[in-house]
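Letter by letter, the chains look like this.
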Amino acid sequence: MFSMSRPRILLAASALVAALLALAPAARAHALYDYGDRNATRIAALLTPSAGREDGFHMVQIGDSHTAGDYFTDYLRTELQQRLGDGGIGWAMSMYASGQRLARVGYEQEGWELVNSRNAGEADYPFGGLIAQGTGVGGQLTLKTKSDDSPRQNIVMVVSQAAGDPPLHIIDADSEVLDVKARRADGAWSEATFTARLPFIVTTEGSPNTRIGGWWMRGERPGAIVSAVGINGSELSQWDRWRSGWMDDLALGKPDLIALAYGTNEAFRTNLDPREYRRTLETAIDQLRARFPRSAILIIGAPESLSSLKGGVCGQRAPSLNVVQQEQRAVAKEKHTLYWDWQQAMGGGCSMRKWVAQNLARKDGVHFSQEGYERAAGDLLAGLLHLRGAAGSR
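What counts as what
- Residues numbered from 1 in each chain as written.
- Predicted model: local features only at pLDDT ≥ 70, side-chain atom pairs only at ≥ 80, totals over all residues.
- Heavy atoms only, no water.
- Salt bridge = Lys/Arg side-chain N within 4 Å of Asp/Glu carboxyl O.
- Disulfide = S-S within 2.5 Å.
- Helix = DSSP H or I, 4+ residues; strand = E, 2+ residues; numbered from the N terminus.
- Buried < 20%, exposed > 50% of the residue type's maximum accessible area, 1.4 Å probe, protein only.
- Pairing = 2+ DSSP bridges.
- Axes fitted to C-alpha atoms, helices over the stretch in contact; angles between N-to-C directions.

A. Spatial organisation of the pattern of salt bridges. The final tally for this structure, using the stated rule, is 25 salt bridges. Note that D273 is salt-bridged to R275, the shortest N-O span being 3.8 Å. Taken together, the shared-partner salt bridges in this structure form one network comprising R278, E282, D286, E327, E334 and K335.

Right, here's the structure in full:
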């Protein structure tokens, strides 16, 4: 009978284990999946540092409170700008909205009022769903930077003015004085462009017909831009409250990657219709594909959220969370988009209570601490920076 010594047996076993490990798929280092987005290769190229390049990278994330707090997106912004250079501030909401923040821009206002598509009635809402409107008594709106360094920005203002409205008077940090009018002064949404250094002050002479829908800010050098466009409590279906041409406003920002970060508020609906929710998501992607054929689309899966921390070992999940997550992934596969599984990045199902215990999430079981948002964003960033190798996950 043939026999082997113990050292040879151990050596052979070790070789067999090594061979099996080489054949086994590597463990995923992130929760980003590429389901065949036709622009993923372009995004991978834009995220690769290259000396002397003239193109930048702009990610626009549209969503609910997870976006409106700008902690998640600011982590991406900071890391990508360290990698690719600071391409500019990006999107800024029209004026301060209660309970919302931007990491790089602050506001002061007097004589302006906010109209919010989440809770206001019918209005001609532009992209973002927030309108700064003059009250008719004159006023000043100041946009200021939160950083020590404030390079000049090439600014596109989404604005609506009537034919008789006077120009907006702008004074920037260098004491440059500008009089700015909408490209079209017919009451429709248009744009006005100028260059300024923050802080700058916008003065209206009291026309109640002047409305501002938001600001796109791009630096004078190419680099990374990450824009956070969120409204607390919003759902994807509320896009229907925005004007039919709102994608023209988004086009002014020249997005390369458009991320849809909705689902948490839908998850708390007890009567959510899966088919209706799916149609809403499918329609949104079809519209974006048609308007932005060179942009990649990313669906950000709803993170685990709890209606109560009590109950069982995991707490009580939001009643429609499973449906939302299933439909989001299914649509990503059907429409060949990128998909990031936020719940997987948290450690899978039954992870929210652990995140709360570790102070990575708040005690409401829904929102995250700054550290929690940053940890989650780090997972997404890892996936984006490895898009070249994502073909196997389709």
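More follows now that the structure is in view.
B. Region of interest: the state of the cysteines. What the rule picks out here adds up to one disulfide. Between C314 and C350 runs a disulfide, and the two sulfur atoms are separated by 1.9 Å. Residues C314 and C350 are joined through a disulfide that is left-handed, its torsion about the S-S bond being -100°. Of this pair, C314 sits in the loop between β17 (306-308) and β18 (316-317) while C350 sits in the loop between α9 (342-346) and α10 (352-357); the two residues are 36 residues apart in sequence, bridging distant segments of the chain. What makes C314 partly exposed here is its relative accessible area of 23%.

C. Here's a closer look at the sheet that holds strand β19 (residues 338-340). With mixed pairing, the six strands of this open sheet are ordered in space as β1-β19-β16-β15-β2-β14. Of all the strands in the sheet, just β1 (32-34) and β14 (224-230) have a single pairing partner and so form its edges. Averaged over neighbouring strand pairs, the angle between their axes works out to 20° when direction is ignored. Pairing analysis gives seven bridges linking strand β2 (residues 57-63) to β14, with the strands arranged parallel.

D. Expanded view of the pairing of strand β10 (residues 177-180). Pairing of strand β9 (residues 168-171) with β10, which is carried by four bridges, proceeds in the antiparallel orientation. Note on β10: the bridge partner recorded for L168 is V180. The turn linking β9 back onto β10 is made up of five residues, and S175 within it adopts a positive phi angle of 65°.

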